[in-house]
Amino acid sequence: WQEGLLPLQGVGPATLAQYRRFAALVAQAQSAARWTIPVQNKPLALDLSGLAAITLLAYLDQHGLDDPHLRWYLDYCCRDDYGAGLSTVSAWAGMHYFASRHGFHVPGFESAEREGLLTWPEGNAWLTRRLAAPLGERLHTGRVVVRMANTRQGVEVDAFNTTTQTLERWQAKRAVVALPIFVAAKVVQSPPDFLRQAAARVAYAPWLVANIHIDRPLHDRPGAPPSWDNVIYRPMVAGQASEALGYVDATHQSLLPVPGATVLTHYRALGDGA
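### Looking at the sheet that holds strand 4 (residues 207-214)
If you trace the 4 strands from one edge of the open sheet to the other, you get 4-7-6-5, paired in antiparallel fashion. The outermost strands of the open sheet, each flanked by one partner alone, are strand 4 and strand 5 (229-230). Pairing analysis gives 2 bridges linking strand 5 to strand 6 (residues 244-249), with the strands arranged antiparallel. Counterpart to Asn 230 in the pairing with strand 6 is Tyr 247. Sitting on the sheet, helix 4 (residues 68-82) touches strand 4, strand 5, strand 6 and strand 7 (262-269), and the angle it makes with strand 6 is about 65°.

### Quick word on a nonpolar patch on the surface
A contiguous nonpolar patch, built from Val 144, Val 146 and Leu 167 and spanning about 260 Å² of accessible area, is present on the exposed surface. Within the element layout of this structure, Leu 167 appears in strand 3 (residues 166-172). Judged by relative accessible area, Leu 167 falls into the exposed class, the value being 56%.

### Description of the packing of helix 1 (residues 13-32) against helix 5 (residues 91-99)
Two elements in contact, helix 1 and helix 5, have axes whose closest approach is 10 Å; the angle formed by their N-to-C orientations is 85°. Taken together, the axis directions place helix 1 and helix 5 in an arrangement best described as roughly perpendicular. Seen from helix 1, the contacting residues are Phe 22, Leu 25, Val 26, Ala 29 and Gln 30; seen from helix 5, they are Met 95, Phe 98 and Ala 99. Looking at side-chain class alone, the contact of helix 1 with helix 5 contains 7 nonpolar, 1 polar and no charged residues.

### A closer look at the layout of surface pockets
Of the volumes computed, that of the second largest pocket is approximately 590 Å³. What lines the second largest pocket is a set of 19 residues, and nearest its centre among them are His 140, Val 145, Val 157, Trp 170 and Val 176. When its residues are assigned to classes, the lining of the second largest pocket shows 14 nonpolar, 2 polar and 3 charged.

Cut-offs and rules
Residues numbered from 1 in each chain as written. Predicted model: local features only at pLDDT ≥ 70, side-chain atom pairs only at ≥ 80, totals over all residues. Heavy atoms only, no water. Pairing = 2+ DSSP bridges. Helix = DSSP H or I, 4+ residues; strand = E, 2+ residues; numbered from the N terminus. Contact = heavy atoms within 4.5 Å. Axes fitted to C-alpha atoms, helices over the stretch in contact; angles between N-to-C directions. Patch = residues over 30% accessible without salt bridge, like charges linked within 9 Å, V, L, I, M, F, W, Y side chains within 5 Å. Areas by Shrake-Rupley, 256 points an atom, 1.4 Å probe, with all protein chains shown as cover. Salt bridge = Lys/Arg side-chain N within 4 Å of Asp/Glu carboxyl O. Buried < 20%, exposed > 50% of the residue type's maximum accessible area, 1.4 Å probe, protein only. Parallel < 35°, antiparallel > 145°, perpendicular 65-115°, else oblique. Nonpolar A, V, L, I, M, F, W, Y, C, P; charged D, E, K, R; others polar. 1 Å grid on protein atoms, 1.4 Å probe; cavity = no way out; pocket = protein on both sides within 12 Å on 5 of 7 lines; lining within 4 Å. Points joined across faces, edges and corners; volume = space filled by probe spheres on them.

Coordinates in, geometry out; function isn't part of it.
Here's what the structure looks like:
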């Protein structure tokens, strides 16, 4: 067991040297361009468009970064954020993961103070509840939109009400379609050409998520208390890592003085397949 995701137990000087080399490449990228979240909607600079044209795996090959511990860690980061590994994610996206945030830090060689983590006991549910609160009765949940169409009067929306098990028809002057592109292309009747073209061009990464309900508190493991994010290190085989991303403890941020039942959420990223 070790604290943190970057493998440090039993690694030698050669591994640490490659960690530092990759950290220097990230720092160089941060000084050469502005990396933002969200990404600004404008063309990439020439040097960055070159990174977008190759995979992160090819980028590591170019720089002689072949350490299995480093590659496992970068593969995990890509799967965790993008749903696919080194051989699928672009070098630009791989660098953006670090350059747009806190960089790449090697314990024992820190050059700057790390940023803090802001969270709530209930996670992102805190944000979604407060986004929904001002909407009041105008927010209708439990509906599955199955069809949208332009009409002479405006827009027509058919939605399946999961509570009443009936189909509802909504009419409005305008509608904002906030759906994944591949879903919107199927839901919007006679979709415009730009939507069809975008749906054909964009690749999505499928996920498998399993929630395991535990009816009692987790026990401390030897040498460490229960953690929020729990990842199993498995060396990459033939350049491929395990699809499993580990599991998180849903009540780890709880402020209750006595721990109780919890939910373990296990993730698998399946974005490297067709």
